[in-house]
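Letter by letter, the chains look like this.
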Amino acid sequence: MPDTTPEPLRLTQEHRELLDQLLDKWSLQVLDTLCERPRRFNELRQAIPAVTQKSLTTALRRLERNGMVERVVLSTRPLAVEYRITPLGSTLQDLIDRLYHWTTTTLPEVEAAREAFDRSV
């Protein structure tokens, strides 16, 4: 009888790189915001007020390079650029929602653990 035990997950350098890029300080918020609807750059800055222009640009370029976001030049006068979630990027929406739900649910426990740790050092 063949062994049907699944192989353990192995996080390769490629996995870590992609996860680092998706889970960095701003990418999750950018993805979550773009899952609602396409937005122009300044709309994204307003939706994520703490992000700097440089950090938002970096996050958008990284997400675009990874196929999660697309940059669309609109034929308006003057020309405008809009960012949209791609089909690949939209596959992350359920994961992002679950991650936000998990953080909301467990935050009180995490804060208690932090306080206990801080008191002990």
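Note: the structure precedes this text.
Residues numbered from 1 in each chain as written. Predicted model: local features only at pLDDT ≥ 70, side-chain atom pairs only at ≥ 80, totals over all residues. Heavy atoms only, no water.

Chemist: What is the right way to look at the side chain of Ser27 in this model?
Modeler: Here Ser27 lies in helix α2 (residues 27–36). What makes Ser27 buried here is its relative accessible area of 0%. Once you skip the residues sitting within four places of it in the chain, Ser27 turns out to touch Gln21, Leu22, Ala59, Arg62 and Leu63. (Helix = DSSP H or I, 4+ residues; strand = E, 2+ residues; numbered from the N terminus. Buried < 20%, exposed > 50% of the residue type's maximum accessible area, 1.4 Å probe, protein only. Contact = heavy atoms within 4.5 Å.)

Chemist: Please explain the environment of Thr58 as it appears in this structure.
Modeler: Position of Thr58 relative to the elements: it lies in helix α4 (residues 53–65). Note: C-alpha distance between Thr58 and Trp26 (32 residues apart in sequence) is 9.3 Å. A distance of 2.9 Å separates the side chain of Thr58 from the backbone oxygen of Lys54, its partner in a polar contact. (Polar contact = N/O pair within 3.5 Å; in protein donor to acceptor, adjacent residues only side chain to side chain.)

Chemist: Which parts of the structure should I look at to understand the pairing of strand β3 (residues 80–85)?
Modeler: Along a regular strand, successive side chains alternate from one face of the sheet to the other. Sheet topology note: the strand β1 (residues 39–40)/β3 ladder contains two bridges and is antiparallel. Looking at the pairing, Arg39 lines up with Tyr83 of β3. Where strand β2 (residues 69–74) meets β3, six bridges bridge the pair, whose relative direction is antiparallel. Bridge pairing links Val73 to Val81 in β3. Between β2 and the antiparallel strand that follows it, β3, lie five residues. (Pairing = 2+ DSSP bridges.)

Chemist: Explain the pattern of salt bridges here, please?
Modeler: Pairing between side chains of opposite charge can happen when the charged atoms of each approach one another. Counted under the stated rule, the structure contains four salt bridges. Note that Arg62 is salt-bridged to Asp24, the shortest N-O span being 2.6 Å. Here Arg62 is found in helix α4, whereas its partner Asp24 is found in the loop between α1 (13–22) and α2, with 38 residues between them in sequence. With a relative accessible area of 26%, Arg62 lands in the partly exposed category. (Salt bridge = Lys/Arg side-chain N within 4 Å of Asp/Glu carboxyl O.)

Any link to function would need more than the numbers given here.
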